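Listed below, chain by chain, are the residues.
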Amino acid sequence: MIKYALLCDQDHEFEAWFSNSASYDDQVARNLVECPHCGSLDVRKALMAPAVRTSREREASPEEQVKQMASKVRAHIRDNYDYVGDEFASEARAMHEGEKPERLIYGETSAEESKALKDDGVPVTPLPDAFAPTPPKKAN
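So, here's what we can say about the structure. Every chain is numbered independently, its residues counted from 1 as its sequence is written. Totals for whole chains, interfaces and linings use all residues, but because this is a predicted model, local features are given only for residues with pLDDT of at least 70 and pairs of side-chain atoms are given and counted only at 80 or more. Only hydrogens and water are set aside; all other atoms, that is, all heavy atoms of the structure, feed into the side-chain values.

## Topic: the overall build of the chain
Item 1. Under the DSSP-based scheme used, a helix requires at least four consecutive residues in state H or I and a strand at least two consecutive residues in state E, with every element numbered from the N terminus. The secondary structure content of the chain amounts to four helices and five strands.
Item 2. For a compact globule the rule gives 2.2 Å times the number of residues to the power 0.38, and the radius of gyration it is set against comes from C-alpha atoms. In summary, the chain has a C-alpha radius of gyration of 24 Å against a globular reference of 14 Å for 140 residues, an excess of more than 25%.
Item 3. Along the longest, intermediate and shortest principal axes, the C-alpha atoms of the chain span 65 × 40 × 25 Å.
Item 4. Looking at the chain residue by residue over its 140 residues, the buried ones come to 24%.
Item 5. Should any heavy atoms of two residues lie within 4.5 Å, those residues are counted as being in contact. Sequence-distant contacts, at least 24 apart, represent 44% of the contacts inside the chain between residues at least 6 apart.
Item 6. Values of accessible area rely on a 1.4 Å probe in the Shrake-Rupley scheme; residue burial ignores everything except the protein chains shown. Split by element, the accessible area of the chain, about 10600 Å² in all, is 50% carbon and sulfur.
Item 7. For the chain, the centre of its 18 positive side-chain charges and the centre of its 26 negative side-chain charges are spaced 8 Å apart. Residue exposure (1.4 Å probe, protein chains only): buried if accessible area is under 20% of the type maximum, exposed if over 50%, otherwise partly exposed. Counted charges follow a simple rule, with Lys and Arg positive, Asp and Glu negative, and His plus the chain ends left uncounted. By convention, the charge on Lys lies at NZ, on Arg at CZ, on Asp at CG and on Glu at CD.

## Concerning the nonpolar core
Item 1. Nonpolar core, defined: a set of buried Ala, Val, Leu, Ile, Met, Phe, Trp, Tyr and Cys residues in which side-chain atoms within 4.5 Å join the residues together. Within the largest apolar cluster, ten residues are counted, these being Y4, L6, C8, F14, A16, F18, Y24, V33, C35 and V43.
Item 2. Going through the elements one at a time, β1 (2-8) and β2 (13-18) are the ones with two or more residues in this core.
Item 3. In this structure, V84, F88, A92 and I105 belong to the second largest nonpolar core, which totals nine residues.

## With respect to the pairing of β1
Item 1. By the criterion of burial, β1 is predominantly enclosed, with five of the seven residues buried.
Item 2. For two strands to pair, DSSP has to find at least two bridges joining them. Of the strand pairs in this sheet, β1 and β2 are connected by six bridges, and their pairing is antiparallel. By the bridge assignment for β2, A5 is matched with E15.
Item 3. Two successive antiparallel strands, β1 and β2, enclose a turn made up of four residues, where D11 displays a positive phi of approximately 65°.
Item 4. Pairing of β1 with strand β3 (residues 43-45) involves three bridges; the strand directions are antiparallel. Bridge pairing in β3 places C8 opposite V43.

## Section: unusual backbone geometry
Item 1. The residue D11 is not glycine, and still its phi comes out positive at about 65°.
Item 2. Position of D11 relative to the elements: it lies in the loop between β1 and β2.
Item 3. The phi dihedral of N31 falls on the positive side, at around 55°, and the residue is not glycine.
Item 4. As for its position among the elements, N31 is in the loop between α1 (21-29) and β3.
Item 5. We classify N31 as partly exposed; its relative accessible area is 45%.

Right, dumping it as structure tokens:
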């Protein structure tokens, strides 16, 4: 399989997979390749760098890719959000009602309180355990 970066006559960029170069040529000649943005059939290959893998490189399994993504999400939350512990519901509600300045927070709350926040229009999203950062340790 070959993935080509493509351009239409309106300069919309998109990608498509073909079984081989001849398949691409055949499909373009038969007007079977269409720009997903505007529907143009005037499509050509865009310049792209080849993706060459050595035999030593291995592609990560889907499970490993999810683990890597979860690690990045945890690190992003840890670095950019304030941990508020079990005060999450009251902090989120206070920010929503304008009693406290808005900021990015994470913490814990019950399923019932999370539903109540959503019902009141407070934007909250529960995180799957794999994506939730470990809370910072409390100082003695």
